[in-house]
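Close look at the chain arrangement
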Amino acid sequence: MRESQLGDLNVSCLGLGCMGMSQSYGVTTDQDESIATLHAAIDAGCTFLDTADVYGDGANEELVGRALAGRRDQVVLATKFGFKRPTNSNDPPTVVDGSPEYARTAIDASLRRLGVDHVDLWYLHRKDPNIPIEETVGAMAEQVAAGKVRYLGLSEVNGDTVRAAHAVHPISAVQSEWSLWTRDPETVVLPALRELGIGFVPFSPLGRGFLTGQLKSPDDFGPDDMRRGLPRFSGENFQRNLDLVDKVKSLAASKGISPGQLALAWLLAQGNDIAPIPGTKRRKYLAENLGAADVELTADELAALDEAFPADAIAGQRYTQSGLDLVGQ
């Protein structure tokens, strides 16, 4: 698989988002299949693995760590910190903690769960509104100096935050939602990243499954699926967005590929500083996703997709208001 460049860090052009193996899209998990999927990704050259300490309250890092036993040197391993979940009933609900003290304890906990002595890319999951970004990144830089981290990243931040952080220590990647149905990064964040030489890692590049064309109704989601509570998947918004996906399905069919492959190929066509991380916990979907790396889109096809999905086409916000409050700080 060809590579993308995130600052000075080279990664496979498609990565694997591991969150869904432990949370958010239904509690039913199959750890054997998840580990087999991770192994299949590595064997196929998809060696950029993405997890976070908050996924499954640490269980996802432990799962990835088990899969990497004996294969650590074959992957670029990314994890995140910043969300702090309660450990007992008297603790406050999940909060964002970007304090230097928490950063120092978080990296050690992640390394322990992953069973490794360093991670290749360490993100701040969300900016702490109460802590200057310079303080948080300064503490993260200490872990680079200590050899526990190779490169630093940020998630869901604005251009000003990126510039301030990059002035303290080079930032290699920014992660945020970007896909045909989430075009927000294109206006402010992406131009800033390219000015600074920072790569972009789109999460949910398949619109949380919507762009695969497989979703037909909100009833497709189990009661524990996070998408049931997201505005884009609710009420009239669902049908309006479904109509947009029909355009992707039509364009994909004319090219002989799946809608998901078309959506991923569109992102890959945006530059070699882009490394999407579609998530899956099953090998059959992994194989389909990785097929997007071989899809070449013509200028006319790219124009048709841009026309079908203008920035204001999608109905509904991508998060509830509480989630939006933590984005773009």
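Up top is the structure.
Residues numbered from 1 in each chain as written. Predicted model: local features only at pLDDT ≥ 70, side-chain atom pairs only at ≥ 80, totals over all residues. Heavy atoms only, no water.

Okay, the overall build of the protein chain next. Of regular secondary structure, the protein chain possesses eleven helices and eleven strands. Its C-alpha atoms give the protein chain a radius of gyration of 19 Å, near enough to 20 Å, the size a compact globule of 329 residues would have. The dimensions of the protein chain, computed from C-alpha atoms along their principal axes, are 50 × 40 × 40 Å. Here the protein chain holds 329 residues, and 56% of them are scored as buried. Taking all contacts inside the protein chain whose residues are at least 6 apart in sequence as the whole, residues at least 24 apart take part in 75%. Summed over all atoms, the accessible surface of the protein chain reaches about 13,600 Å², with 48% contributed by carbon and sulfur. Charge centroids of the protein chain, computed over 31 positive and 45 negative side chains, lie 3 Å from each other. (Helix = DSSP H or I, 4+ residues; strand = E, 2+ residues; numbered from the N terminus. Rg over C-alpha atoms; globule rule 2.2 N^0.38 Å. Buried < 20%, exposed > 50% of the residue type's maximum accessible area, 1.4 Å probe, protein only. Contact = heavy atoms within 4.5 Å. Areas by Shrake-Rupley, 256 points an atom, 1.4 Å probe, with all protein chains shown as cover. Lys, Arg positive; Asp, Glu negative; His and termini not counted. Charge placed at Lys NZ, Arg CZ, Asp CG, Glu CD.)

Before going further, it helps to spend a moment on unusual backbone geometry. Unlike most non-glycine residues, Asp57 shows phi in positive territory, near 55 degrees. Note that Asp57 resides in the loop between strand S4 (48-50) and helix H2 (59-67). Phi at Arg208 takes a positive value of approximately 55 degrees, unusual for a residue other than glycine. Within the secondary structure, Arg208 is located in the loop between strand S11 (199-203) and helix H7 (235-255).

The end-to-end C-alpha separation of helix H1 (residues 31-43) is 18 Å, in line with the 18 Å expected for 13 residues at 1.5 Å each. Listing the buried residues of H1 in full gives Glu33, Ser34, Ile35, Ala36, Thr37, Leu38, Ala41 and Ile42. Buried residues along H1 sit in contact with strand S3 (16-17), S4, H2 and helix H9 (283-290). If you check the start of H1, you find a side-chain oxygen 3.2 Å away from the backbone N of Asp32, and it comes from Asp30. Immediately beyond the C-terminal end of H1, within one or two residues, lies Gly45, with a positive phi of roughly 90 degrees. (Expected span 1.5 Å × (residues − 1). Polar contact = N/O pair within 3.5 Å; in protein donor to acceptor, adjacent residues only side chain to side chain.)

Quick look at the pairing of strand S9 (residues 149-155) now. For S9, the buried fraction is high: six of the seven residues fall into the buried class. With helix H4 (residues 133-145) bridging strand S8 (residues 119-124) and the parallel S9, this β-α-β connection has right-handed handedness. With four bridges joining them, S9 and strand S10 (residues 171-177) adopt parallel strand pairing. Paired with Leu152 across the bridge in S10 is Ile171. (Right-handed = clockwise from strand over helix to strand, strands pointing away. Pairing = 2+ DSSP bridges.)

For the rest of this paragraph, the subject is the sheet that holds S8. One key point about sheets: their strands pair by backbone hydrogen bonds, in either a parallel or an antiparallel sense. Pairing is parallel across the open sheet formed by seven strands, whose spatial order is S3-S4-S5-S8-S9-S10-S11. Two strands in the sheet have a free side with no partner beyond their single neighbour: S3 and S11. Strands in contact with helix H3 (residues 100-114) are strand S5 (76-81), S8 and S9; relative to S5, the strand with the most contacts, it is inclined by about 135 degrees. (Axes fitted to C-alpha atoms, helices over the stretch in contact; angles between N-to-C directions.)

Relative to each other, H7 and helix H10 (residues 299-308) sit at 165 degrees, their axes nearing to 10 Å. Considering the angle they form, H7 stands roughly antiparallel to H10. The handedness of the crossing between H7 and H10 is right-handed. For the pair H7 and H10, contact is made by Leu244, Lys247, Leu251 and Lys255 and by Glu301, Ala304, Leu305 and Ala308, respectively. Here the contact of H7 with H10 is built from residues that sort into five nonpolar, no polar and three charged. (Parallel < 35°, antiparallel > 145°, perpendicular 65-115°, else oblique. Left-handed = near helix turned anticlockwise from the far one by under 90°. Nonpolar A, V, L, I, M, F, W, Y, C, P; charged D, E, K, R; others polar.)

Moving on, we come to the packing of aromatic side chains. The geometry of an aromatic ring pair is captured by the separation of the ring centres together with the interplanar angle, meaning the angle of the planes. Counted by the stated rule, this structure contains eight aromatic pairs. Consider the rings of Phe210 and Phe233, whose centres lie 5.4 Å apart with planes at 50 degrees: the pair is tilted. Taken together, the residues span a long stretch of sequence, with Phe210 in the loop between S11 and H7 and Phe233 in the loop between S11 and H7 at a distance of 23 residues. Taking the relative accessible area as the measure of exposure, Phe210 reaches 1% and is therefore buried. In this structure an aromatic cluster arises from ring pairing among Trp181, Phe210, Phe233 and Phe238. The lysine or arginine in question, Lys84, covers the ring of Tyr102, its NZ or CZ lying 4.6 Å from the ring centre. Against the face of Trp181 rests Arg232, its NZ or CZ located 5.1 Å from the ring centre. (Phe/Tyr/Trp six-rings, centres within 6.5 Å; stacked < 30°, edge-to-face > 60°. Lys NZ or Arg CZ within 6 Å of the ring centre and 35° of its normal.)

In this section: the nonpolar core. Membership of the largest hydrophobic core comes to 81 residues, with the highest contact counts inside it found for Leu16, Leu77, Val119, Trp122, Leu154 and Phe309. Counting residues per element, this core draws most heavily on helix H8 (residues 259-268), which supplies seven residues. For Phe309, the contacting residues outside a window of four places in its chain are Leu180, Trp181, Arg183, Leu211, Leu244, Val245, Val248 and Ile314. Counting residues in hydrophobic clusters, the runner-up holds 15 residues, among them Val11, Ala78, Leu121 and Ile277. (Core = buried A, V, L, I, M, F, W, Y, C linked by side-chain atoms within 4.5 Å.)

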